[in-house]
Amino acid sequence: MMNLKILYLLAMMAMLAPQINGRAVDLDQDNSLSASSSSSGTRMSRPNFVKITSPPPVQINQARGSTIELECEVMGSPTPTVQWVHGSGQMADWDDAAINIISESSPTTMARVVSRLVLDHSSHASESTYTCIGRSGGQTALASTTVYHTEGGRANFTDMMKPAHHLFMHLKPARVTLHYRALFEYMGSTVILPCKTVGRPLPEVTWKNEEGNVIGSMQDSRFHTLPTGELVINDLRWSDMGSYTCVAKNAISKDEAETFLYPIRPN
């Protein structure tokens, strides 16, 4: 397991190489991370950058009455905010305007944020544009998708009159719409791992560790889950490194999203 974690870390460092700008990220003897600066010798420095590492498709078709999803991954330091905006400039998250937003005031050293936009109703227009916007440290990265709305097959009238149709037509599957794919944070700090969800009824959120056990304050008082679904870890330790899985579940479906957490030594 440890070897897999080190390989994951090295892969992340390789992806970050163009953004480091002369600063080094060092592995100490116990394989923990330290941030250093070659120019001043001062540790804990960090580069400010933002980039879209996995953009949504440039274009996609949506049959009227169907549901599609757009996914966007943004990497940045400090933690990037991620928003979806409709072509007119309107926030695209109609059910919850803050559903895909993480505060940029977070002290996080670096994060890869995955945001998913669920479109379960199509526009009357022939096409629409949705833009994923990542912001961090005064910098912005954009990626847009054009959705072409097409005519879908008409629902069978007999099926529409069945009781089951009316019972389930207002239900929506549980989906995780925002989480960290990877997070690098200083030891000793308080970490908040987001798990934003959509669904009807509203999904219940639980977190599991690498062994598949549900995480809770009964096992460790440093861990607790907020009513809004975030996992809070106080006094981050080296032993907390690993994968944490958010599980969103409602009456009709379940969805999961994994976050890899890597503590950084702040000396």
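Our subject is the structure that appears above.
Residues numbered from 1 in each chain as written. Predicted model: local features only at pLDDT ≥ 70, side-chain atom pairs only at ≥ 80, totals over all residues. Heavy atoms only, no water.

K.L.:
In this structure, what is going on with the state of the cysteines? I would like to understand it.
P.N.:
Disulfide: a covalent bond connecting the sulfur atoms of a pair of cysteines. Applying the stated criterion to the full structure yields 2 disulfides. The partner cysteine of Cys 72 in its disulfide is Cys 132, sulfur to sulfur 2.1 Å. Negative torsions about the S-S bond denote left-handed disulfides, and the value of about -75° found for Cys 72 with Cys 132 makes this one left-handed. Here Cys 72, found in strand β5 (residues 68–77), pairs with Cys 132, found in strand β8 (residues 127–136); they are 60 residues apart in sequence, far enough to count as distant. Across the pair, exposure class does not vary: Cys 72 and Cys 132 are buried alike. One disulfide bridge connects Cys 195 with Cys 246, the sulfur atoms lying 1.7 Å from each other. (Disulfide = S-S within 2.5 Å. Helix = DSSP H or I, 4+ residues; strand = E, 2+ residues; numbered from the N terminus. Buried < 20%, exposed > 50% of the residue type's maximum accessible area, 1.4 Å probe, protein only.)

K.L.:
When you look at the pairing of strand β13 (residues 204–208) in this model, what are you seeing that I'm missing?
P.N.:
Along β13, the buried face is formed by Val 205 and Trp 207; none of Glu 204, Thr 206 and Lys 208, which line the opposite face, is buried. Where β13 meets strand β16 (residues 242–249), 5 bridges bridge the pair, whose relative direction is antiparallel. Each residue of the ladder has a partner; that of Glu 204, found in β16, is Lys 249. (Pairing = 2+ DSSP bridges.)

K.L.:
Whenever I open this one, the packing of aromatic side chains confuses me. Can you help?
P.N.:
The description of an aromatic ring pair uses the distance of the two centres, along with the angle that the planes make with each other. Tallying each qualifying case throughout the model produces 4 aromatic pairs. Aromatic side chains Phe 260 and Tyr 262 sit 6.3 Å apart centroid to centroid with 35° between the ring planes, which places their arrangement in the tilted category. (Phe/Tyr/Trp six-rings, centres within 6.5 Å; stacked < 30°, edge-to-face > 60°.)

K.L.:
Can you help me understand the layout of surface pockets in this one?
P.N.:
Over the atoms rolls a probe the size of a water molecule, and in doing so it shows where empty space is left. Approximately 300 Å³ is the volume found for the second largest pocket. Along its surface, the second largest pocket is lined by 18 residues, and Asn 209, Glu 211, Ile 215, Phe 223 and Tyr 244 are the ones closest to its centre. Ranked by residues supplied to the lining of the second largest pocket, first place goes to β16 with 3 residues. (1 Å grid on protein atoms, 1.4 Å probe; cavity = no way out; pocket = protein on both sides within 12 Å on 5 of 7 lines; lining within 4 Å. Points joined across faces, edges and corners; volume = space filled by probe spheres on them.)

K.L.:
I keep staring at the sheet that holds strand β11 (residues 191–193) and nothing clicks. Help me out?
P.N.:
Sheet strands line up and pair through hydrogen bonds in the backbone, either parallel or antiparallel. Ordered by their spatial adjacency, 3 strands build an open sheet running β11-β15-β14, and the pairing between neighbours is antiparallel. One side of each edge strand has no neighbouring strand; the edge strands of this open sheet are β11 and β14 (223–225). Adjacent strand axes in the sheet meet at a mean angle of 20°, parallel and antiparallel pairs treated alike. Pairing geometry for β14 and strand β15 (residues 231–233), over 3 bridges, is antiparallel. Bridge assignment links His 224 to a residue of β15, and that residue is Val 232. (Axes fitted to C-alpha atoms, helices over the stretch in contact; angles between N-to-C directions.)

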